[in-house]
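A look at the structure
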Amino acid sequence: MVKATQIEVVLAKDDQDQVYIGPDGKPERVDDRPPIMNLVNSDLTKLPLPWKIMSWVVKLLSSPGTQRGKARLVTIRYSHYCDRARWALNYSPLEFTEDAHPPGIHVAALDSVTKGKWSRTPVLVLPDGEVVTDSTVIVQRLAALYPDSVGELYPQSCRDEVLELEAEMEIGLGANIRQVAYTHVLDIKYLSTGAPYLCKGTSVIEAFVYNRMKRMIAKGMIAVMRCRYSRIPKSEAELDDLFEKLAEKLQGGRKYLCGDGTKFTAADLTFASLAYPLVLPKEMMDAKLLPPLEQLPKQYATMVEKFRKTPAGQHALRMYKDHRFVNGQTQLIKPNIYRDQGLAKGLFMIAMVISLVVVQFYSLLVAFVTPDNNGPQFGQDNLHEQMPSIQDILKQN
Ligand SMILES: N[C@@H](CCC(=O)N[C@@H](CS)C(=O)NCC(=O)O)C(=O)O
């Protein structure tokens, strides 16, 4: 019986590879690079034509949903980076609508919103048209715009400490948790169980398209975000270190992470939101954005049980309970799924089906004219190569 956490050194192709035996005894070549794709952004201007068409369609039908005078937050709804931005927005007086997309399809929405310059969610479009990308920048921009609400999350007395912790958590916490969660949730065996959650709050049409393309999308995401079972022990060790460091900051009955420990700051907000997939707070689970603990793959569920019990895990749960809903809110705002209504629905359906046919035709064509390979699967990419871009990944499919 092979254990999921076992690393075996075997003589592989070039005598130097370590092979990791994942769940079910599936071998995988060890790739030790950190999951730092946050620092790399894919150039959407070079998207293949079918994706471009899909993005035009999404754009065409998105505009009516943008409500005058309100900001628009483009999300992959369950994303912890997105809840970070959403939480900060809830703290501000700015009214906003949420424009949620399944993973993969989000690229089409972002292409039109950011003119091809940004491929990750969240993206915030302010009422005057200003586009703000990256959750860290969004929180800080809102702080500058609303000094009396979000601005208070960066108290003068400990501003530098807050900024430093935010930067550390972006990768140490956000990217590591994303790597662990996606490795499990995008595993081919789990794809169908996870799909309804990943599509929660998106239009039925986009959910339909996601479901038709989920294998191809998962393959791309696994490569882009370096989701590998072999990386999980390292991600977990880095998370252990960070949770311990934060626990020290909470020692002596301090209620919050920074300064004299008496004020809720952007560091607490960032920590709690980025840690949410690892502690599963009730406030998020009520919205059914992730499968409940009992339905998660065993290795993932065991990690949740462990991190929940830690002092830092308890802190994250408390931040959700005490600070997640402010200004009279009691739950996450419902995304704006105007695309499911009336004429827009009909048009969107037709356009999506056309682009789906084009995408599928294109993938078949690419598969037909390129030599047989299994795409960017575990263990097959060159460890010393640059990460593939979205364009490369799409081409391989
Ligand atoms: N540094 C970015 C990271 C955002 C990020 O990685 N978002 C993920 C959602 S968890 C995403 O958009 N993934 C899809 C993709 O990379 O194509 C931020 O803080 O906003």
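Residues numbered from 1 in each chain as written. Predicted model: local features only at pLDDT ≥ 70, side-chain atom pairs only at ≥ 80, totals over all residues.

**Focus: the environment of Trp118**
Basically, it comes down to this: Starting at the N terminus, helices and strands are each numbered in turn, a helix being any DSSP run of H or I of at least four residues and a strand any DSSP run of E of at least two.
Its place among the elements puts Trp118 in the loop between helix H3 (106–113) and strand E6 (123–125). With 15 residues separating them in the primary sequence, Trp118 and Thr133 have C-alpha atoms 7.3 Å apart.

**Quick look at the pairing of strand E4 (residues 71–75)**
Cut-off, in case you're wondering: The exposure label follows from counting other C-beta atoms within 10 Å of a residue's C-beta, where the C-beta atoms are placed from the backbone and the thresholds are 20 or more for buried and 12 or fewer for exposed, leaving partly exposed in between. Convention used here: a crossover is right-handed provided that the path from the first strand, over the helix, to the second strand proceeds clockwise when the strands point away from the viewer. Two strands form a pair only when DSSP identifies at least two bridges running between them.
With five of its five residues buried, E4 lies for the most part within the structure. The side-chain alternation of E4 yields two buried faces, one formed by Ala71, Leu73 and Thr75 and the other by Arg72 and Val74. Between the parallel pair E4 and strand E5 (residues 96–100), the chain is carried across by helix H2 (residues 80–91), and the sense of this crossover is right-handed. In this sheet, E6 lies alongside E4 in antiparallel orientation, the contact comprising three bridges. Across the sheet, Val74 pairs through a bridge with Val123, a residue of E6.

**Thoughts on helix H12 (residues 311–323)**
In an α-helix, one turn spans 3.6 residues, which is why side chains three or four residues apart end up on the same side. Here is the rule we go by: How far a helix is expected to stretch is found by multiplying one less than its residue total by 1.5 Å. Arc definition: directions from the helix axis to the C-beta atoms. Contacts here follow a simple rule: the backbone-placed C-beta atoms of the two residues must lie within 7 Å.
Taking 1.5 Å of rise per residue, the 13 residues of H12 would be expected to cover 18 Å, and the 18 Å separating its terminal C-alpha atoms lies within 8% of that figure. Within H12 the residues assigned to the buried category are Ala312, Gly313, His315, Ala316, Met319 and Tyr320. The arc enclosing the buried residues of H12, seen along the axis, measures out at 160°, which places them on a common side. Summarising the contacts, the buried residues of H12 are in contact with helix H8 (232–249), helix H9 (266–279), helix H10 (282–285) and helix H11 (298–309).

**Quick word on unusual backbone geometry**
Glycine aside, the phi torsion of most residues is negative, and most peptide linkages are trans. Note the cis peptide between Thr121 and Pro122, where omega equals 5°. In this fold, Pro122 is placed in the loop between H3 and E6. With phi around 50°, Lys115 is a residue other than glycine that occupies positive phi space. Within the secondary structure layout, Lys115 lies in the loop between H3 and E6. For Lys115, a count of 11 C-beta atoms within 10 Å translates into the label exposed.

**What to know about the confidence of the model for the protein chain**
Our working rule: pLDDT is a per-residue confidence score from the predictor, ranging from 0 to 100.
On average, residues of the protein chain score 80 in pLDDT, and 75% of them are at 70 or above. By mean pLDDT, strand E1 (residues 7–9) is the weakest element of the protein chain at 35, and H9 is the strongest at 98. Counting interchain partners and residues more than four positions distant, the pLDDT-below-50 stretch residues 1–17 has 20 contacts. Ignoring residues within four places in sequence, the model shows residues 372–387, a span with pLDDT below 50, making 20 contacts including any to other chains.

**What about the environment of Asp268?**
Considering the arrangement of structural elements, one finds Asp268 in helix H9. The class for Asp268 is buried, based on 24 C-beta atoms found within 10 Å. C-alpha separation for the pair Asp268 and Leu153, spaced 115 residues apart in sequence, amounts to 9.0 Å. The contact partners of Asp268, leaving out residues within four places of it in the chain, are Tyr256, Leu257 and Met319.

**Quick look at the sheet that holds E6**
Using the following cut-off: Orientation is described by lines fitted to C-alpha atoms, with helices fitted over the stretch in contact, and by angles between N-to-C directions that extend from 0 to 180 degrees.
One open sheet accounts for four strands, arranged E5-E4-E6-E7; its pairing is mixed. In this open sheet, the two edge strands, each paired with only one partner strand, are E5 and strand E7 (131–133). Strand after strand, the sheet turns through a mean of 20° between neighbouring axes, direction not considered. Relative to E5, E4 runs parallel, the two sharing five bridges. Within E5, the position partnered with Arg72 by the bridge is Thr97. Sheet contacts for H2: E4, E5 and E6; angle to E4, the most-contacted strand, approximately 160°.

**Section: the nonpolar core**
Note the following rule: We call a set of buried Ala, Val, Leu, Ile, Met, Phe, Trp, Tyr and Cys residues a nonpolar core when their C-beta atoms link them within 7 Å.
By size, the foremost hydrophobic cluster in this structure holds 87 residues, and its most contacted members are Ala85, Ala88, Leu124, Phe271, Ala272, Ala275 and Ala316. Per-element tally for this core: the top contributor is H9, with 10 residues. When residues no more than four places from it in sequence are discounted, the contact partners of Ala275 are Leu173, Ile177 and Ala316.

**Focus on the packing of H2 against H9**
Formally: Handedness of a crossing is defined here by the sense of rotation of the near helix relative to the far one, left-handed for an anticlockwise turn of less than a right angle and right-handed for a clockwise turn. Under this grouping Gly is polar, as are all residues other than the nonpolar Ala, Val, Leu, Ile, Met, Phe, Trp, Tyr, Cys and Pro and the charged Asp, Glu, Lys and Arg.
For the pair H2 and H9, the least separation of the axes is 8 Å and the interaxial angle reads 145°. Where H2 crosses over H9, the handedness of that crossing is right-handed. Along the contact surface, H2 presents His80, Asp83, Arg84, Trp87 and Ala88, while H9 presents Leu269, Thr270, Ser273, Leu274, Tyr276 and Pro277. A class-by-class count of the residues in the contact of H2 with H9 yields six nonpolar, three polar and two charged.

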